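# Examination of the molecular architecture
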Amino acid sequence: AILTAPASALRSTEMLEDLVRDPPEGLDVVIPATRARMAPLLRAYEPDLLLCNGFPWKIPVDALAVPRLGAVNGHPSLLPKYRGPNPIGRAIRNGETEIGWTLHRMDADFDTGPILAQKAFPLGYEHSWDELVPKMADCVSELLPRALEGSDEIRRQGAGGLQASAGGAGGGPSPADRQPHLR
């Protein structure tokens, strides 16, 4: 099944509209009304593994506990650097020359779980979103099989490399990133 957030929680509804209009063959599209509904809906599917990418809500711990092999998140930075929302924008603003993709176990906090796999790629000011997406997709297609190789490893609590505290400007969002920007 594909679990997605309601349209009101998404930045763009185009993908949601496509999923609802033409769901992938053999997959249900599940849209919880609230965060509290996530765990009961997931339990109904008895998933082995939860793969998350760009989900707009913090997933409750009871929902993360449902899949027997746990939950894995894809994050567009080299964690622990640039945890939280808009890591690519913050990396560009800070003049970074590379960015990357991290697959990590999900835990109760944002982007703090043990790292399963990472890969860096060059980041330059000439990149548009259309140019970055294929680079990120290449990273995911390389990293996902590596991260999921040992399902027994994923199942064990703490599998993967523990993250250091990123601290400072590269860690979580800065106070400016948490405030609305007016231009």
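By convention here, each chain's residues receive numbers from 1 onward along its written sequence. With pLDDT at 70 or above as the cut-off, local features in this predicted model cover only qualifying residues; side-chain atom pairs require 80 or more to be listed or tallied, and sums for whole chains, interfaces and linings still use all residues. Computation of side-chain values: all heavy atoms of the structure, hydrogens and water removed.

## Description of the nonpolar core
Grouped together as the largest cluster of nonpolar side chains are 15 residues, with contacts concentrated most on Ile99, Trp101, Leu103, Phe121, Leu132, Met136 and Leu143. Helix numbering and strand numbering both begin at the N terminus, where a helix is a DSSP run of H or I of at least 4 residues and a strand a DSSP run of E of at least 2. Of the residues forming this core, the biggest block, five residues, is contributed by helix α5 (residues 129-148). Non-local contacts of methionine 136, meaning those with residues more than four positions away in its chain, are made with Pro76, Ile88, Trp101, Phe121 and Trp129. To qualify as a nonpolar core, a set must consist of buried Ala, Val, Leu, Ile, Met, Phe, Trp, Tyr and Cys residues joined through side-chain atoms within 4.5 Å. Only protein chains enter the area calculation, which uses a 1.4 Å probe; residues under 20% of their type maximum are buried, those over 50% are exposed, and those in between are partly exposed. Residues are treated as being in contact if the distance between any of their heavy atoms lies within 4.5 Å.

## Remarks on the sheet that holds strand β6 (residues 115-122)
Being paired, for any two strands, means DSSP has found at least two bridges between them. Spatial ordering of the open sheet is given by β3-β4-β5-β6, a layout of four strands whose pairing is mixed. Sheet topology places β3 (50-53) and β6 at the edges, where each strand pairs with a single neighbour. For this sheet, the mean angle separating the axes of adjacent strands, direction not counted, is 15 degrees. Pairing of strand β5 (residues 98-105) with β6, which is carried by seven bridges, proceeds in the antiparallel orientation. For glycine 100, the partnering residue across the bridge sits in β6 and is alanine 120. Throughout, an axis means a line fitted to C-alpha atoms (over the contacting stretch in the case of helices), and angles, computed between N-to-C directions, take values from 0 to 180 degrees. Contacting β3, β4 (71-75), β5 and β6, α5 runs over the sheet at an angle of about 155 degrees to β6.

## Digging into helix α2 (residues 38-45)
Restricting attention to buried positions, one finds in α2 the residues Met38, Ala39 and Leu42. Down the axis, α2 shows its buried residues gathered within 90 degrees of arc, on one side only. Here the buried face of α2 lies against β1 (2-3), β3 and α3 (61-64). A positive backbone phi angle near 45 degrees is found at glutamate 46, which sits one or two residues after α2. Picture the helix axis, draw a direction to every C-beta atom, and the arc is the one those directions span.

## So, the confidence of the model for the protein chain
Detailed conclusions should not be drawn from predicted coordinates in areas where pLDDT is low. With 80% of its residues at a pLDDT of at least 70, the protein chain reaches an overall mean of 81. Summary of the metric used: pLDDT quantifies the predictor's per-residue confidence within the range 0 to 100. In the predicted structure, residues 167-183 sits below a pLDDT of 50 and forms 20 contacts with residues beyond four places in sequence or in another chain.

## Things to note about the pattern of salt bridges
Working definition: two side chains of opposite charge can pair if their charged atoms are close together. The term salt bridge refers to a pairing of a side-chain nitrogen on Lys or Arg with a carboxyl oxygen on Asp or Glu at a separation within 4 Å. If you walk through the whole model with that rule in mind, you get five salt bridges. Residue aspartate 48 is joined to arginine 68 by a salt bridge in which the shortest nitrogen-to-oxygen separation is 2.8 Å. Of this pair, aspartate 48 sits in the loop between α2 and β3 while arginine 68 sits in the loop between α3 and β4, and the two are 20 residues apart along the sequence. Among the residues examined, aspartate 48 registers a relative accessible area of 41% and is labelled partly exposed. As a salt-bridge pair, glutamate 142 and lysine 119 come within 2.6 Å of each other at their nearest N and O atoms. On the criterion of sequence distance, the pair formed by glutamate 142 in helix α5 and lysine 119 in strand β6 is long-range, its members being 23 residues apart. Taken together, the shared-partner salt bridges connect Lys119, Glu142 and Arg146 into one network.

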